[in-house]
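Observations on chain architecture
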Amino acid sequence: GGTVSIGVVSGFRVVGGSDYVQFSAPISPGNSGGPVVDRDGHVMAVATAKLIGDGAEALGFGIPVQTACAVLVACSKVTI
């Protein structure tokens, strides 16, 4: 536990109408839901997926934290 990987935010993408942050830090199965932080430790995205394919290496994607927080606020208003 308690490890850190270094990467670069390399783009902001829209896929299927949803916003994503593209980054180069390694992401593995089980990393989804983990924070993607900037150099000051501020969460900027929630790790979601990586692109796997010929010629594609170190392409991770995360949901921007603003999007994740907006969904959580909407979800917190739902009563069960």
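For the structure, see preceding data.
Summarised in this report is the structure supplied together with it.

The rules behind each value
Residues numbered from 1 in each chain as written. Predicted model: local features only at pLDDT ≥ 70, side-chain atom pairs only at ≥ 80, totals over all residues. Heavy atoms only, no water. Helix = DSSP H or I, 4+ residues; strand = E, 2+ residues; numbered from the N terminus. Buried < 20%, exposed > 50% of the residue type's maximum accessible area, 1.4 Å probe, protein only. Contact = heavy atoms within 4.5 Å. Areas by Shrake-Rupley, 256 points an atom, 1.4 Å probe, with all protein chains shown as cover. Lys, Arg positive; Asp, Glu negative; His and termini not counted. Charge placed at Lys NZ, Arg CZ, Asp CG, Glu CD. Pairing = 2+ DSSP bridges. Axes fitted to C-alpha atoms, helices over the stretch in contact; angles between N-to-C directions. Core = buried A, V, L, I, M, F, W, Y, C linked by side-chain atoms within 4.5 Å. Polar contact = N/O pair within 3.5 Å; in protein donor to acceptor, adjacent residues only side chain to side chain.

Some points on the overall build of the protein chain
Of the regular secondary structure elements, the protein chain holds one helix and five strands. Secondary structure elements in the protein chain, listed N-terminal to C-terminal, are β-β-β-β-β-α. Across its three principal directions, the C-alpha atoms of the protein chain cover 45 × 30 × 20 Å. Classification of the 80 residues of the protein chain by burial places 20% in the buried group. In the protein chain, of all internal contacts separated by at least 6 residues, the share reaching a separation of at least 24 is 27%. Here the protein chain displays about 5900 Å² of accessible surface, and carbon together with sulfur accounts for 60% of that area. Measuring between centres, the 4 positive side-chain charges of the protein chain sit 7 Å from its 5 negative side-chain charges.

Focus on the sheet that holds strand β5 (residues 60-64)
As summarised here, the arrangement of the five strands in space is β1-β2-β5-β4-β3, forming an open sheet in which the pairing is antiparallel. The open sheet has two free edges, formed respectively by β1 (9-15) and β3 (35-37), since each of these has just one partner strand. Pairs of neighbouring strands in the sheet enclose a mean axial angle of 40 degrees, with direction left out of account. In this structure, strand β4 (residues 43-50) lies alongside β5, joined through five bridges in antiparallel fashion. Residue pairing in the sheet places Lys 50 in a bridge with Gly 60 of β5.

Side note on the pairing of β1
Sheet topology places β1 next to strand β2 (residues 18-23); six bridges connect them, and they run antiparallel. Among the inter-strand pairings, Gly 11 is bridged to a residue of β2, identified as Gln 22. A loop of two residues connects β1 with β2, the two strands running antiparallel in sequence, and Gly 16 in this loop sits at a positive phi of about 60 degrees.

Things to note about the nonpolar core
Among the nonpolar cores identified, the biggest contains seven residues, and these are Val 21, Phe 23, Ala 25, Ile 27, Val 36, Ala 45 and Ala 47. Listing elements by their share of this core, those giving two or more residues are β2 and β4. Not counting chain neighbours up to four residues away, the residues in contact with Val 36 comprise Phe 23, His 42, Val 43, Met 44, Ala 45 and Ala 47.

Brief notes about the side chain of Gln 22
In this structure, Gln 22 sits in strand β2. Given the relative accessible area of 9%, Gln 22 is considered buried. For Gln 22, the side chain forms a polar contact with the side chain of Arg 13, separated by 2.7 Å.

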